[in-house]
Amino acid sequence: MVEELSPAGYLSLQQDGELWQLVDVRESWETEIAAIDGALHIPMSEIPARYRELDAAKPVALLCHSGARSARVAGFLAQQGFSRVANISGGIDQWSVEIDPAIPRY
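The model shown is predicted, which means the values in this text are computed figures rather than measured ones.

When you line up the elements, Ser96 lands in helix α5 (residues 91–98). Contacts of Ser96, omitting those with residues within four sequence positions, involve Pro101, Ile103 and Arg105.

Attention now goes to the packing of aromatic side chains. For the coordinates displayed, the defined rule picks out five aromatic pairs. On the numbers, 6.1 Å between centres and 70° between planes, the contact of Trp29 with Tyr106 is edge-to-face. With a gap of 77 residues between them, Trp29 in helix α2 (residues 28–33) and Tyr106 in the segment after α5 connect regions that are remote in the sequence. Residue Tyr106 is classed as partly exposed on the basis of its relative accessible area of 29%.

Turning to helix α1 (residues 7–15), a few remarks are in order. Listed as buried for α1 are Pro7, Tyr10 and Leu13. Summarising the axial view, the buried residues of α1 lie within an arc of 125°, below the 170-degree limit, and thus occupy one face. One or two positions beyond α1, positive phi appears at Gly17, with a value near 100°.

Going through the model one piece at a time under the given rule, you end up with seven salt bridges. Between Glu18 and Arg84 there is a salt bridge, with the nearest N and O atoms lying 2.7 Å from each other. Linking Glu18 in the loop between α1 and β2 (21–24) with Arg84 in the loop between α4 (68–79) and β5 (85–88), this pair joins segments that are 66 residues apart in sequence. Note on Arg84: relative accessible area 26%, which makes it partly exposed.

Turning our attention to the sheet that holds β2. Read across the open sheet, the five strands follow the order β1-β5-β4-β2-β3; overall the sheet is parallel. Each edge of the open sheet is held by one strand with a lone partner, namely β1 (2–5) and β3 (40–41). As paired strands, strand β4 (residues 60–63) and β5 are joined by three bridges and run parallel to one another. Note that in β5 the partner of Leu62 across the bridge is Asn87.

Attention now moves to the packing of α1 against α5. At a closest axis distance of 9 Å, the pairing of α1 and α5 adopts a crossing angle of 75°. In terms of axis orientation, α1 runs roughly perpendicular to α5. In contact with Pro7, Ala8, Tyr10 and Leu11 of α1, α5 contributes Gly91, Gln94, Trp95 and Glu98. Considering only residue class, the contact of α1 with α5 consists of five nonpolar, two polar and one charged.

Quick look at the environment of Ala57 now. One can find Ala57 in the loop between α3 (47–50) and β4. A C-alpha to C-alpha distance of 8.8 Å links Ala57 and Gly81, two positions 24 residues apart in sequence.

Rules and cut-offs
Here, residues in each chain are numbered from 1, in the same order as that chain's written sequence. Given that the model is predicted, a residue must reach a pLDDT of at least 70 before its local features are reported, and side-chain atom pairs must reach 80 or more before they are shown or counted; all residues, however, enter totals for whole chains, interfaces and linings. With hydrogens and water set aside, each side-chain value is computed from the structure's full complement of heavy atoms. Each helix is a run of H or I in the DSSP string that is no shorter than four residues. Each strand is a run of E no shorter than two, and both are numbered from the N terminus. Throughout, a residue-residue contact means that at least one pair of heavy atoms, one from each residue, lies within 4.5 Å. Working definition: rings of Phe, Tyr and Trp (its six-membered ring) pair if their centres are within 6.5 Å, and the pair is stacked with planes under 30 degrees apart, edge-to-face with planes over 60 apart, and tilted otherwise. Only protein chains enter the area calculation, which uses a 1.4 Å probe; residues under 20% of their type maximum are buried, those over 50% are exposed, and those in between are partly exposed. When we speak of the arc, we mean the arc of directions from the helix axis to the C-beta atoms. Just to be clear on terms, a salt bridge is a Lys or Arg side-chain nitrogen sitting within 4 Å of an Asp or Glu carboxyl oxygen. Pairing between strands requires that DSSP locate at least two bridges from one strand to the other. Where helices are involved, their axes are fitted lines through C-alpha atoms of the stretch in contact, as for all axes, and angles between N-to-C directions lie from 0 to 180°. Each angle receives one of four descriptions, namely roughly parallel if under 35 degrees, roughly antiparallel if over 145, roughly perpendicular if within 65 to 115, and oblique otherwise. Residue classes follow a fixed rule: Ala, Val, Leu, Ile, Met, Phe, Trp, Tyr, Cys and Pro count as nonpolar, while Asp, Glu, Lys and Arg count as charged, and any other residue, Gly among them, counts as polar.

See below:
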C-alpha cells in the first residue's frame, strides 16, 4: 500500500523522529532548477536498476514535480516489498508553496 503525504505531513513525521529516505525521481535538469537538501536523486527511468540502493525495511518517501511520477515509483517499490512507501502529493511544486518559497517553481 502506498501512503499519500503532503509536504507538511512528511516533515511532521520527520520531526516526530521517523527516519524516512527521501527520493527525488525527477530528471537531472529538474534537480538543477530546484532540489531539497538531503534527498537522494534517482531519476524514475533508473529506478528499476537502482532501487536496491534503498533500504526496503525503512520508510521511503518519493518526490517529483507534481506527484504523478513519484506515485508510479511508489507503486513499483511497494510491489518490490518495501515495508512503507509514501508519495509526496503535489511534489516539489507544492513543497515550494507549502514549506520553502525559496525553492524555485517551474
